[in-house]
Amino acid sequence: MSHQPAVATKMPEEMDKPLISLHLVDSDSSLAKVPDEAPKVGILGSGDFARSLATRLVGSGFKVVVGSRNPKRTAGLFPSAAQVTFQEEAVSSPEVIFVAVFREHYSSLCSLSDQLAGKILVDVSNPTEQEHLQHRESNAEYLASLFPTCTVVKAFNVISAWTLQAGPRDGNRQVPICSDQPEAKRAVSEMALAMGFMPVDMGSLASAREVEAMPLRLLPAWKVPTLLALGLFVCFYAYNFIRDVLQPYVQESQNKFFKLPVSVVNTTLPCVAYVLLSLVYLPGVLAAALQLRRGTKYQRFPDWLDHWLQHRKQIGLLSFFCAALHALYSFCLPLRRAHRYDLVNLAVKQVLANKSHLWVEEEVWRMEIYLSLGVLALGTLSLLAVTSLPSIANSLNWREFSFVQSSLGFVALVLSTLHTLTYGWTRAFEESRYKFYLPPTFTLTLLVPCAVILAKALFLLPCISRRLARIRRGWERDGTIKFTLPTDHALAEKTSHV
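Residues numbered from 1 in each chain as written. Predicted model: local features only at pLDDT ≥ 70, side-chain atom pairs only at ≥ 80, totals over all residues. Heavy atoms only, no water.

- By the naming in an unreviewed UniProt entry, the protein is STEAP3 metalloreductase, taken from Gorilla gorilla gorilla.

In structure tokens, the structure reads:
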């Protein structure tokens, strides 16, 4: 049975602790005093989620009746506007009842079957990962089997108790809803809208298992990028360990294991950040080359390339994270005791050699340019990371977002390349740098980024860029439709880029 939530006009004068403080309620314009004609909603359960749900429903203009096994003990935990009573009384009049109890306690509600007949039960429970694997049917389907005369709706299980209290502005507004009865879904969807959330129709109750699996996923889009970053870190760390620690110990009998916590890590982090940044733009190059080879944009990319394109945001953010850590580690280098000993030893050697002035013009200029390019690259990466935030990205139109992520991102890659080349300077050609006959680490990191930059420069050639622009605007090499690219170069530049 559907209810239209009444429009609230005033703020509640008092909310009981520990649910939510009064100043927090007053700061939320969506929380209002419950009018006399407000629709009534029931809640079975008195846990944390039930208390937060009652607070949100009361503030959204609903009359709330809470059913508890011990109403005297739990009444003080709920808002004063909510009525806390026994379960039998709580389910007698409301048509929509939230079941905020765990799956193992569903059977304890069977005594209420007669009172619940014909009502809408909203299941908000979540299984643990072990329970999800153990049970083939979802919690909502199990609840429906216990109460066949009721209509069960799965909803609000992806919303945390804090989001219910503080308001949806700080969390995900989407509320997946599924049920076998369209009218029941419509009623719960209207309630979700009145509470400030955005309902998402997930279909029949058979989708409840998928909905219940959503809170169990731990950053699913970050799994592959994180493993990639960790793999690169381990490889580069081992490589730097062999060159900077193991080689002096084996060939020169020098103990430099003290470098492991800071120096080797600081040498590894920029390598990982640089390679990750190049891997953000490499799939775009491969996609463009594939479109040129096929002569059309209407063929799907291979699955591995499609997944790579979808993970570019996460890879870019991990690149920024490693670059930021590299900057922090670099600031810590002069604070090390080993660095101070090196300075003292250098000063002693200078005095013994009667050198009153030690100044290498080339090294001074190299370090100044190296640091400047590093700061510029990190600043550009910071801008890319900020615009990746949903709140910032939603304020940009597509052309602005594409300019920041594509054009400025490529500028960050070029700056990082110049930063690395300046660090290398002439070191790549010095025989002493090839320890254990292994090339310096920075020469390895230059391979993929330089390939991406060269490919991007190749795509800027008129003969290639015009053909690629035509393909992305719908032209097909073997198609029957003849497509003519606009002569206006500015218009051609507005075509979307992969």
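### Describing the overall build of the protein
Turning to step 1, where the next piece is worked out: Helix and strand counts for the protein come out as 22 helices and eight strands.
Turning to step 2, where the next piece is worked out: Contacts in the protein between residues at least 24 apart in sequence constitute 71% of all its contacts with a sequence separation of at least 6.
Turning to step 3, where the next piece is worked out: Of the roughly 27500 Å² of accessible surface on the protein, a fraction of 60% belongs to carbon and sulfur atoms. (Helix = DSSP H or I, 4+ residues; strand = E, 2+ residues; numbered from the N terminus. Contact = heavy atoms within 4.5 Å. Areas by Shrake-Rupley, 256 points an atom, 1.4 Å probe, with all protein chains shown as cover.)

### Observations regarding the pattern of salt bridges
Turning to step 1, where the next piece is worked out: In the structure shown here, the tally under the stated rule is ten salt bridges.
Turning to step 2, where the next piece is worked out: Across the pair Arg300 and Asp306 runs a salt bridge, and its minimum N-O distance is 4.0 Å.
Turning to step 3, where the next piece is worked out: Look at Arg300 and you get exposed, because its relative accessible area is 65%.
Turning to step 4, where the next piece is worked out: Arg366 is paired through a salt bridge with Glu363; the nearest N and O atoms lie 2.9 Å apart. (Salt bridge = Lys/Arg side-chain N within 4 Å of Asp/Glu carboxyl O. Buried < 20%, exposed > 50% of the residue type's maximum accessible area, 1.4 Å probe, protein only.)

### Description of the environment of Val262
Turning to step 1, where the next piece is worked out: Looking at where Val262 falls in the secondary structure, it is placed in the loop between α11 (223-251) and α12 (263-294).
Turning to step 2, where the next piece is worked out: Looking at Val262, the relative accessible area reads 23%, which means it is partly exposed.
Turning to step 3, where the next piece is worked out: Between the C-alpha atoms of Val262 and Ser330, which are 68 residues apart in sequence, the distance is 9.1 Å.
Turning to step 4, where the next piece is worked out: Not counting the four nearest positions on each side in its chain, Val262 is found in contact with Tyr329, Leu333 and Arg336.

### Some words on the nonpolar core
Turning to step 1, where the next piece is worked out: Core analysis: the largest hydrophobic core is formed by 44 residues, its most contacted members being Leu232, Leu276, Leu279 and Leu305.
Turning to step 2, where the next piece is worked out: Ranked by residue count, the leading element in this core is α12, at 18 residues.
Turning to step 3, where the next piece is worked out: Beyond its immediate stretch of four places on either side in the chain, Leu279 contacts Leu228, Leu232, Trp308, Ile315 and Val448. (Core = buried A, V, L, I, M, F, W, Y, C linked by side-chain atoms within 4.5 Å.)

### Re the packing of α12 against helix α18 (residues 398-424)
Turning to step 1, where the next piece is worked out: Running from N to C, α12 and α18 cross one another at 145°; their axes reach a closest spacing of 10 Å. Regarding α12 and α18, the two cross each other, and that crossing is left-handed. Listed contacts from α18 to Tyr274, Leu277, Ser278 and Tyr281 of α12 are Gln405, Ser406, Gly409, Phe410, Ala412, Leu413, Ser416, Thr417 and Thr420.
Turning to step 2, where the next piece is worked out: Of the residues in the contact of α12 with α18, the class split is six nonpolar, seven polar and no charged. (Axes fitted to C-alpha atoms, helices over the stretch in contact; angles between N-to-C directions. Left-handed = near helix turned anticlockwise from the far one by under 90°. Nonpolar A, V, L, I, M, F, W, Y, C, P; charged D, E, K, R; others polar.)

### A few points about the pairing of strand β4 (residues 96-99)
Turning to step 1, where the next piece is worked out: On β4, burial covers both faces: Val96 and Phe98 on one face and Ile97 and Val99 on the other are all buried.
Turning to step 2, where the next piece is worked out: Relative to β4, strand β1 (residues 40-44) is paired through four bridges, and the arrangement is parallel. Residue pairing for β4: Gly42 is matched across the bridge by Ile97.
Turning to step 3, where the next piece is worked out: With four bridges connecting them, β4 and strand β5 (residues 120-123) associate as parallel partners. When the bridges of β5 are listed, Phe98 appears paired with Val122. (Pairing = 2+ DSSP bridges.)

### Details of helix α13 (residues 303-310)
Turning to step 1, where the next piece is worked out: Among all positions in α13, only Leu305, Trp308 and Leu309 are buried. The arc enclosing the buried residues of α13, seen along the axis, measures out at 100°, which places them on a common side. Opposite the buried face of α13, at more than 90 degrees from it, the exposed residues are Asp303, Trp304 and Gln310.
Turning to step 2, where the next piece is worked out: Structurally, α13 contributes buried residues whose contacts are with α12 and α14 (312-332). (Arc of directions from axis to C-beta.)

### Side note on the environment of Gln251
Turning to step 1, where the next piece is worked out: Within the secondary structure, Gln251 is located in helix α11.
Turning to step 2, where the next piece is worked out: Residue classification places Gln251 among the partly exposed positions, given a relative accessible area of 48%.
Turning to step 3, where the next piece is worked out: Spatially, the C-alpha atom of Gln251 lies 9.8 Å from that of Lys435, the residues being 184 residues apart in sequence.
Turning to step 4, where the next piece is worked out: A polar contact is formed between the side chain of Gln251 and the side chain of Gln247, at a distance of 2.7 Å. (Polar contact = N/O pair within 3.5 Å; in protein donor to acceptor, adjacent residues only side chain to side chain.)

### Points about the UniProt feature "transmembrane region" (unreviewed entry) in the protein
Turning to step 1, where the next piece is worked out: In the numbering adopted here, UniProt assigns the feature "transmembrane region" (unreviewed entry) to residues 224-242, 262-290, 315-336, 369-389, 401-422 and 442-464.
Turning to step 2, where the next piece is worked out: Secondary structure within residues 315-336 divides into 82% helix and 0% strand; the distance between the first and last C-alpha atoms comes to 31 Å.
Turning to step 3, where the next piece is worked out: Counting secondary structure, residues 442-464 comes out at 87% helix and 0% strand; the distance between its end C-alpha atoms is 31 Å. (UniProt positions renumbered as here; feature names shortened; annotations may be inferred.)

### Quick look at helix α16 (residues 361-387)
Turning to step 1, where the next piece is worked out: Helix length check: α16, at 27 residues, gives a terminal C-alpha distance of 40 Å against a target of 39 Å (1.5 Å per residue), a fit within 8%.
Turning to step 2, where the next piece is worked out: Here α16 has its buried residues at Arg366, Tyr370, Leu373, Gly374, Ala377, Thr380, Leu381, Leu384, Ala385 and Thr387.
Turning to step 3, where the next piece is worked out: Packed against the buried residues of α16 are α12, α14, α17 (390-393) and α18. (Expected span 1.5 Å × (residues − 1).)

### Observations concerning the side chain of Asn139
Turning to step 1, where the next piece is worked out: Mapped onto the elements, Asn139 comes out in helix α7 (residues 139-146).
Turning to step 2, where the next piece is worked out: At 2.9 Å, the side chain of Asn139 forms a polar contact with the side chain of Arg103.
Turning to step 3, where the next piece is worked out: With sequence-adjacent residues up to four places away left out, Asn139 is seen in contact with Arg103, Tyr106, Asp123, Ser125, Asn126, Pro127, Lys154 and Glu212.

### Section: the packing of α12 against helix α21 (residues 462-472)
Turning to step 1, where the next piece is worked out: Packing of α12 against α21 leaves a shortest axis separation of 10 Å and a crossing angle of 85°. In terms of axis orientation, α12 runs roughly perpendicular to α21. Contact with α12, carried on its side by Ala288, Gln291 and Leu292, involves Ile464, Arg467, Leu468, Ile471 and Arg472 of α21 and no other residues of that element. (Parallel < 35°, antiparallel > 145°, perpendicular 65-115°, else oblique.)

### Details of the sheet that holds strand β7 (residues 174-179)
Turning to step 1, where the next piece is worked out: Within the open sheet, the eight strands sit side by side as β3-β2-β1-β4-β5-β6-β7-β8. Their pairing is mixed. Unpaired on one side and paired on the other, β3 (83-86) and β8 (198-201) mark the two borders of the sheet. If you compare each strand with its neighbour and ignore which way they point, the axes differ by 30° on average.
Turning to step 2, where the next piece is worked out: Along the sheet, helix α2 (residues 48-59) makes contact with β1, β2 (63-68) and β4, crossing β1 at roughly 175°.
Turning to step 3, where the next piece is worked out: Against the sheet, α7 makes contact with β4, β5 and β6 (151-154), and its axis sits at roughly 170° relative to β6, the strand it touches most.

### Overview of the packing of aromatic side chains
Turning to step 1, where the next piece is worked out: Tallying each qualifying case throughout the model produces ten aromatic pairs.
Turning to step 2, where the next piece is worked out: A centroid spacing of 6.3 Å and a plane angle of 55° characterise the contact between Phe241 and Phe257, whose relative ring orientation is tilted. Within this pair, whereas Phe241 is found in helix α11, its partner Phe257 is found in the loop between α11 and α12, the two being separated by 16 residues in sequence.
Turning to step 3, where the next piece is worked out: Judged by its relative accessible area of 32%, Phe257 is partly exposed. (Phe/Tyr/Trp six-rings, centres within 6.5 Å; stacked < 30°, edge-to-face > 60°.)

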